[in-house]
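Each chain, written out:
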Number of protein chains: 2
Amino acid sequence: MTSLPATFAALSDATRFAIVERLMATGARTAGELADVAPISAPAISRHLRVLREAGVIEQRIEGPKRIYSVRPQAIRAISDWTMDHRTFWEGSLDRLARALENRELDE
Amino acid sequence: MTSLPATFAALSDATRFAIVERLMATGARTAGELADVAPISAPAISRHLRVLREAGVIEQRIEGPKRIYSVRPQAIRAISDWTMDHRTFWEGSLDRLARALENRELDE
DNA sequence: GAGTTAATTAACTCATAAGCTAAATTGTGT
DNA sequence: ACACAATTTAGCTTATGAGTTAATTAACTC
């Protein structure tokens, strides 16, 4: 359902990425409070919020006429888990690179 | 330079994601060896490889008539670092704290 | 230097995505 | 019920992206 590529797609837009960072830093916020993440119209922000919600990155709590948004921790955790699944790849490779630089040996 | 949204954009396509997973699992591979990640034409694969390369996710080594591709460990590490920057957000919000604590030795 | 192999670039089509303005929706206060 | 405030939905325009086939580049072999 919420596949990793779908999550990445949601975070691939600079405005949406900024929204997510803002929400993680400050906690839940209304759509109006997120208006200044980018110089675009309110409908545009609203659309981005919808995309993030449909991708499972954020969730919406309705409180009166306001919509309060927050990041779903699972979404970020899923990304973290994926990188950790491949930890041996990038950790080991970086080690090799570091060693190669130290030894001035660039084999393979 | 290679911003995180740009990296996410590169990984937002299912075919490109599959290419990256394949490369991480098997190590460096030629374009031809990646042909079967999706039922699309060779030019389509080539285009995906270019997108991944321009986003800094993979790199190319030319060897005769072959192009050998591999994932740049820094790209995956950058994603991991980002999730870790916000670790307090998603860790604190989840009930899976135990597992996180178990992995603490891997921090830093 | 012609042929073969490996892969890319070119030119094009079609679908999706992002932006806008204007209209509609939904709850709150009078 | 009426007006207001906070957002979203609708309808439209334009840009980007993924796929195709055909043509091109690049390096090795005979």
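Keep in mind that what you see is a predicted model, and the values were worked out from it rather than measured. (Residues numbered from 1 in each chain as written. Chains lettered and ligands numbered in written order. Predicted model: local features only at pLDDT ≥ 70, side-chain atom pairs only at ≥ 80, totals over all residues. Heavy atoms only, no water.)

## Points about the protein's contact with DNA strand C
- Taken together, 20 residues lie near DNA strand C, and Arg16, Ser41 and His48 of chain A together with Ser46 and Tyr69 of chain B sit nearest.
- A share of 81% is what sugar and phosphate atoms reach among the atoms of DNA strand C within 4 Å of the protein.
- Contact distances for DNA strand C include 2.7 Å between a phosphate oxygen and a side-chain N or O atom of Arg16 of chain A.
- At 2.6 Å from a phosphate oxygen of DNA strand C is found a side-chain nitrogen or oxygen belonging to Ser41 of chain A.
- Looking at the surface near DNA strand C, the elements that each hand over two or more residues are helix H3 (42–54) of chain A together with helix H3 (42–54) and strand S3 (66–71) of chain B.
- No other element matches the 4 residues that H3 of chain B contributes to the surface near DNA strand C.
- Looking at the surface near DNA strand C residue by residue, the class counts come to 9 nonpolar, 7 polar and 4 charged. (Near = heavy atom within 4 Å. Polar contact = N/O pair within 3.5 Å; in protein donor to acceptor, adjacent residues only side chain to side chain. Helix = DSSP H or I, 4+ residues; strand = E, 2+ residues; numbered from the N terminus. Nonpolar A, V, L, I, M, F, W, Y, C, P; charged D, E, K, R; others polar.)

## Description of helix H2 (residues 14–26) of chain A
All names here are of chain A.
- Counted at 1.5 Å a residue, the expected span for H2 with its 13 residues is 18 Å, and the 18 Å between its end C-alpha atoms agrees.
- Within H2, the full set of buried residues consists of Thr15, Arg16, Phe17, Ile19, Val20, Leu23 and Met24.
- Where H2 terminates, the next one or two residues include Gly27, which has phi positive at roughly 85 degrees. (Expected span 1.5 Å × (residues − 1). Buried < 20%, exposed > 50% of the residue type's maximum accessible area, 1.4 Å probe, protein only.)

## Focus on the pattern of salt bridges
- Counted by the stated rule, this structure contains 11 salt bridges over all chains.
- A salt bridge links Arg77 of chain A to Asp81 of chain A, with the shortest nitrogen-to-oxygen separation between them at 3.6 Å. Of this pair, Arg77 of chain A and Asp81 of chain A both sit in helix H4 (residues 73–85), 4 residues apart, which is roughly one turn of that helix.
- With relative accessibility at 23%, the residue Asp81 of chain A sits in the partly exposed group.
- Among the salt bridges present, the one from Glu33 of chain B reaches Arg29 of chain B, with a minimum N-O distance of 3.9 Å. (Salt bridge = Lys/Arg side-chain N within 4 Å of Asp/Glu carboxyl O.)

## Let's talk about the relation of the copies chain A and chain B
- When chain A is fitted onto chain B, the two copies agree to an RMSD of 0.1 Å after a turn of 180 degrees and an axial shift of 0.0 Å. As the rotation angle and translation indicate, the two copies are arranged about a two-fold axis. The C-alpha atom lying nearest the rotation axis in chain A is that of Phe8 of chain A; the distance is 2.4 Å.
- A high fraction, 93%, of the interface residues of chain A reappear at the interface in chain B, so the copies pair face to face through one surface. (Least-squares fit on C-alpha atoms with pLDDT ≥ 70 in both. Contact = heavy atoms within 4.5 Å.)

## Here's the deal with the packing of helix H1 (residues 4–11) of chain A against H4 of chain A
Residue and element names in this part refer to chain A.
- Relative to each other, H1 and H4 sit at 120 degrees, their axes nearing to 10 Å. Comparing their axes, H4 and H1 come out oblique. Where H1 crosses over H4, the handedness of that crossing is left-handed. Contacts between H1 and H4 involve Leu4, Thr7, Phe8 and Leu11 from the former and Ala78, Ile79 and Trp82 from the latter.
- A per-class count over the contact of H1 with H4 returns 6 nonpolar, 1 polar and no charged. (Axes fitted to C-alpha atoms, helices over the stretch in contact; angles between N-to-C directions. Parallel < 35°, antiparallel > 145°, perpendicular 65-115°, else oblique. Left-handed = near helix turned anticlockwise from the far one by under 90°.)

## Comments concerning the sheet that holds strand S1 (residues 29–30) of chain B
Residues and elements named next belong to chain B.
- On the basis of which strands lie adjacent, the open sheet formed by 3 strands has the order S1-S3-S2 and antiparallel pairing. Edge positions in the open sheet fall to S1 and strand S2 (58–63), since each of these has one partner strand only.
- For S2 and S3, the ladder comprises 6 bridges, and the chain directions are antiparallel. Considered in S3, the bridge of Ile62 is made with Arg67.
- Across the sheet, H3 lies against S2 and S3, angled at about 120 degrees from S2, the strand it touches most. (Pairing = 2+ DSSP bridges.)

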